[in-house]
Amino acid sequence: MNRISAGFTVFLLLFASFSWAQQEPAKTKEPGHTNQNKFRQMYQEFATPNTYRSASGAPGPDYYQQQADYEINVELDDRNARIYGEETITYHNNSPDDLEYLWLQLDQNVRSKSSKSPLRDSKEIPLAYQTGTFTEEYLKEPFDGGFRIEYVKDAKGNALSYTINQTMMRVNIPEPLKSGDQISFSVKWWYNIPDHTVNRARSGYEYFPKDGNRAYVIAQFFPRMAVYSDVEGWQNHQFWGNGEFALPFGNYDVNITVPADHVLDATGELLNRKEVFSAQMMKRYEQARASYDKPLLIVTQEEAEAAEKGFSEKKKTWKFRAENVRDYGFATSRKFIWDMQAVKIGDKDVMAVSLYPKEGNPLWEEFSTRAVAHTLRSYSSHTFDYPYHKAISVHAKNQGMEYPMICWNYGRPNEDGTYSDRVKFGMISVIIHEVGHNFFPMIVNSDERQWGWMDEGLDTFMQYLAEQEFGEKYPEAIAPASKYPSRRGDPSDIVPYMSGDQATLAPIMSNPENAFQLGPNAYGKPATALNILRETVMGRELFDHAFKTYAQRWKFKHPTPEDFFRTMEDASAVDLDWFWRSWFYTTDYVDIGVKGVKKYYVSNEPTQKMKEYMAARNITEADLPPLVYLAEEDSEDFDPELKGKNPSENSQPLNAYMMDHLSAEERAAVKEPRFFYEVTFDKPGGIPMPLIVEYTYEDGTTEQVTYPPEIWRKNDAEVKRVFASQKELKGIVVDPRAETADIDMTNNAWPREIKKSEFEQFKESIKGK
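All residue numbers refer to positions counted from 1 along the written sequence of the respective chain. pLDDT decides what is reported in this predicted model: residues at 70 or higher carry local features, side-chain atom pairs at 80 or more are listed and counted, and totals for whole chains, interfaces and linings draw on all residues regardless. The basis for every side-chain value is the complete set of non-hydrogen atoms in the structure, without hydrogens or water.

> Whenever I open this one, the overall build of the chain confuses me. Can you help?
A tally of helices and strands in the chain yields 20 helices and 31 strands. In the chain, which comprises 769 residues, the share counted as buried stands at 53%. Should any heavy atoms of two residues lie within 4.5 Å, those residues are counted as being in contact. Contacts spanning at least 24 positions in sequence make up 75% of the contacts within the chain whose residues lie at least 6 apart. His is not counted here, nor are the chain ends, while Lys and Arg score as positive and Asp and Glu score as negative. Lys charges are placed at NZ, Arg charges at CZ, Asp charges at CG and Glu charges at CD. Computed over 89 positive and 115 negative side-chain charges, the separation of the two mean positions in the chain equals 3 Å. Numbering of helices and strands starts at the N terminus; helices are DSSP runs of H or I of at least 4 residues and strands are runs of E of at least 2. Exposure classes here rest on a 1.4 Å probe applied to the protein chains alone. A residue is buried below 20% of its type maximum, exposed above 50%, and partly exposed in between.

In structure tokens:
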């Protein structure tokens, strides 16, 4: 601050102190209130830290998690589209509690004939049905889905009693499982595989009538242990369809028997590759392990088309082992083309893999494995090195689902092989998203059943970063566009949702089953919030460090929302309680504008308002220290002679102060501001945000000032800022680059831009015709 500015500040502070001291007490008082400040700490919303989860957001010294190991044998009956399976589960009780019973998840039961899931939502007759939808709804028998449990037995082969409640099964063990002990038991089951193109299932098959084959993407195919934790105890909330999964980590030994002419890949390391691969496939596989720049074919399209005609009666068993995974999935078909390439992640090689039928080409051979490899690099750079040895993308119509090391993705060209940009970018984006789920929640293992946004929102945010990086790395793939066309992540993309009917909005912190619009709620809005946090609130350096800290603290563990929120603050020293409260706990929206601008000039005489103020308090100028007065240009007593002069020319006290306190050299160096402005910013929206303002001057120059979000901490409705300039102000724009998801840009500019109605535009267009 220069000395002339210091002089102005002294005068203004003296006047402010004096005027405050002279104010009369209010005659009436409003009733008291509790603390409703948007910036108050979130002690009431957050769970209290404890020895399991620390106040820093890190796992506490007593943090624990259970482990469930599986030995699974399954067989696919391709003719009848049915799965038969047996499993032995070894459950490790690492909690401090003795467990009286065990809970298993039977997610296939959501498609049983007795399922309550189709009955829970209100329905009304639409304007019209698609023919396929009408047929499935009213003309066909309901699909006969759901697990058929044949037995549950203990390690000695004795029957264990069990109770099935919709999608949950309680196994009644003869005595409590003590803390630190383990138990083994076995389950045998079968179920009918749904057609996922009809039943909107997360896994199943697609039937290809032209060649009579099915392509299977199989998950939730075995009874799985529920999570027991310090937060929920048993997480046995029913699977209704939207809220996904909560699963413990464990080791899996899985044998999968399928027709001998099928091509199959799955979670885990293939143990008997030489038994199930041909010699030619083995040779190609070894070559692919050394190919870092492009994928190589393990099974060609010509070979896949030949296999489509075979329908072998023989069987083949593929054997896998997966360590420290939370779930399991596999894909199998005689239709699959198979390609792979190596990706260097840290100091190890990871295989990027794609499985797809000929119907996916030429799109899939061009982009699928490239997108897998790019995702592994991008996500690893922002979180931790991908720890598994492979990541698989499987082509499946209308699918987008994720499991450890494997996912299924949509994106199919037309029959003649042509495709639109919409199909191409949709396919690349869904592959990035689903492969990215390996990080959230397959490794950073949040509770999807309760908090859908913790995996979908974080993954969609990471997807946005990876998409933009993809466009930078492969500009030829997005040409003629200069930027990858991300569907979610940019602040402007969430505006229609946040400005929607409040009756159909829910906070991000809602169970997925209770969200009105799950896509924007769990995917788009949290991804946008994190993008704004990174680009506008925290800055990339602070955000990236904090986000990586969270990922590394909680990889292979079970975080809660508070663990994420606390870590982001702990690792950055940025108080974000106002941000979490507004964006995640409410349906508030952003709307900040310019309410008004007043222009002032320095004056030697007190204004009429000042005179009235002094008269009301019996104050004379002799009672006051030397003051610099500011006269508003639009006031009745404004003297036009004040324009065009320096402040020291208009104010004798200021001139005297400068003469007494500044040397001749200092006075010559002073650049006196001629224009003084008081700008009022208002906030019709509920979310406080950084106040990003671009000032434009008459000479065409601009200046951007970002006031921190704390500017709203004492007045949530409006704030004022005063600034001085040597140049006359021409215009003001709030949020000039649309960084904050402001839902109403009509109030963001001064002077206010008057938009002509369509009728007025029409009248102008026909003038002179």
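> Explain the side chain of histidine 196 to me, please; I cannot follow it from the model alone.
Structurally, histidine 196 can be placed in helix H3 (residues 196–199). Note on histidine 196: relative accessible area 4%, which makes it buried.

> Hey, could you run me through the packing of helix H7 (residues 363–382) against helix H8 (residues 421–436) in this one?
When two helices pack together, their arrangement is given by the angle between their axes and by how far apart the axes lie. To get an axis, fit a line to the C-alpha atoms, keeping to the stretch in contact for a helix; angles then go from 0 to 180 degrees between the N-to-C directions. At a minimum axis distance of 9 Å, the contact between H7 and H8 shows a crossing angle of 40°. For the element pair H7 / H8, the angle class is oblique. Here H7 and H8 pass one another in a crossing that is right-handed. Contacts from Leu363, Trp364, Phe367, Ser368, Ala371, Val372, Thr375, Leu376 and Tyr379 of H7 reach H8 at Val423, Lys424, Met427, Ile428, Ile431, Ile432, Val435 and Gly436. Its residues assigned to classes, the contact of H7 with H8 shows 13 nonpolar, three polar and one charged. Roughly parallel means an angle under 35 degrees; roughly antiparallel means over 145; roughly perpendicular covers 65 to 115; every other angle is labelled oblique. In a left-handed crossing the near helix is turned counterclockwise from the far helix by less than a right angle, and in a right-handed crossing that turn is clockwise. In this classification, Asp, Glu, Lys and Arg are treated as charged, Ala, Val, Leu, Ile, Met, Phe, Trp, Tyr, Cys and Pro as nonpolar, and every other residue, Gly included, as polar.

> Quick question: what am I supposed to make of the nonpolar core here?
It is characteristic of soluble globular proteins that their nonpolar side chains tend to be buried jointly. Residues belong to one nonpolar core when they are buried, are Ala, Val, Leu, Ile, Met, Phe, Trp, Tyr or Cys, and are joined through side-chain atoms within 4.5 Å. Core analysis: the largest hydrophobic core is formed by 193 residues, its most contacted members being Trp338, Phe564, Trp580, Trp583 and Phe681. Examining the composition of this core, we find that nine residues originate from one element, helix H9 (residues 453–473), more than from any other. Grouped together as the second largest cluster of nonpolar side chains are eight residues, Tyr600, Val602, Val628 and Phe676 included.

> Whenever I open this one, the pattern of salt bridges confuses me. Can you help?
It is possible for side chains bearing opposite charge to pair when their charged atoms get close. A pairing counts as a salt bridge when a side-chain nitrogen of Lys or Arg comes within 4 Å of a carboxyl oxygen of Asp or Glu. One pass over the full model with this rule turns up 48 salt bridges. The partner of aspartate 349 in a salt bridge is lysine 344, with the nearest N and O atoms 2.9 Å apart. Judged by its relative accessible area of 34%, aspartate 349 is partly exposed. Here the salt bridges do not stand alone but share partners, grouping Asp211, Glu308, Lys335, Lys358 and Glu359 into one network.

> Please explain the sheet that holds strand S9 (residues 213–219) as it appears in this structure.
Whether parallel or antiparallel, the strands of a sheet pair through hydrogen bonds between backbone atoms. Pairing between strands requires that DSSP locate at least two bridges from one strand to the other. The strand order S8-S9-S18-S14 describes an open sheet built from four strands, whose pairing is antiparallel. For this open sheet the edge positions go to strand S8 (204–208) and strand S14 (263–266), each flanked by a neighbour on one side alone. Each neighbouring strand pair of the sheet contributes to a mean axis angle of 10°, computed without reference to strand direction. Examined bridge by bridge, S8 and S9 share five bridges and lie antiparallel to one another. By the bridge assignment for S9, glycine 204 is matched with valine 217.

> What is the right way to look at H9 in this model?
Every α-helix winds through 3.6 residues per turn, so residues three or four apart in the chain are directed the same way. Residue count minus one, scaled by 1.5 Å, sets the expected span of a helix. Between the first and last C-alpha of H9 there are 28 Å, a value that for 21 residues agrees with the 30 Å anticipated at 1.5 Å per step. Burial of H9 is extensive: 18 of the 21 residues sit out of reach of the surface.

> What should I look at first to understand the side chain of threonine 332 in this one?
Following the sequence through the fold, threonine 332 ends up in strand S18 (residues 329–333). The exposure class assigned to threonine 332 is buried, which follows from its relative accessible area of 0%.

> Help me out: how do you make sense of unusual backbone geometry in this one?
Excluding glycine, a negative phi dihedral is what most residues carry, and trans is how most peptide bonds are arranged. Omega for the peptide link from alanine 479 to proline 480 comes to 10°, which places this bond in the cis form. Of note, proline 480 is situated in the loop between helix H10 (475–478) and helix H11 (495–498). Each neighbour pair has its own omega, and for tryptophan 750 with proline 751 the value is -5°, a cis peptide bond. Relative to the elements of secondary structure, proline 751 occurs in the loop between strand S31 (749–750) and helix H20 (758–766). Unusually for a residue other than glycine, phenylalanine 556 sits at a positive phi of about 60°.

> Sorry, what's going on with the sheet that holds S31 here?
As summarised here, the arrangement of the four strands in space is S28-S27-S30-S31, forming an open sheet in which the pairing is antiparallel. Two strands lie at the open edges of the sheet, namely strand S28 (702–707) and S31, each paired on one side alone. Sheet topology note: the strand S27 (residues 691–697)/S28 ladder contains six bridges and is antiparallel. Its bridge partner being in S28, tyrosine 695 is matched across the sheet by glutamate 703.

> Would you mind showing me how to read the pairing of strand S19 (residues 337–345) here?
Looking along a regular strand, one sees side chains alternate from face to face of the sheet. Counted residue by residue, S19 has eight buried out of nine residues, so it is predominantly covered. Relative to S19, strand S16 (residues 296–299) is paired through three bridges, and the arrangement is antiparallel. Along S19, the bridge assignment pairs leucine 296 with methionine 340. As defined by bridge partners, S19 adjoins strand S20 (residues 348–356) across nine bridges and the pair is classed as antiparallel. Looking across to S20, one finds that lysine 344 is bridged to aspartate 349. Here S19 folds back onto S20 in antiparallel fashion, the turn holding two residues, of which glycine 346 has a positive phi close to 65°.

> I keep staring at the pairing of strand S2 (residues 82–92) and nothing clicks. Help me out?
Here 11 bridges tie strand S1 (residues 67–77) to S2, and the two strands are oriented antiparallel to one another. The residue of S2 that forms the bridge with aspartate 77 is arginine 82. The hairpin turn running from S1 into S2, its antiparallel successor, is four residues long, and alanine 81 in that turn takes a positive phi close to 50°. In this structure, S2 lies alongside strand S7 (residues 182–192), joined through 11 bridges in antiparallel fashion.

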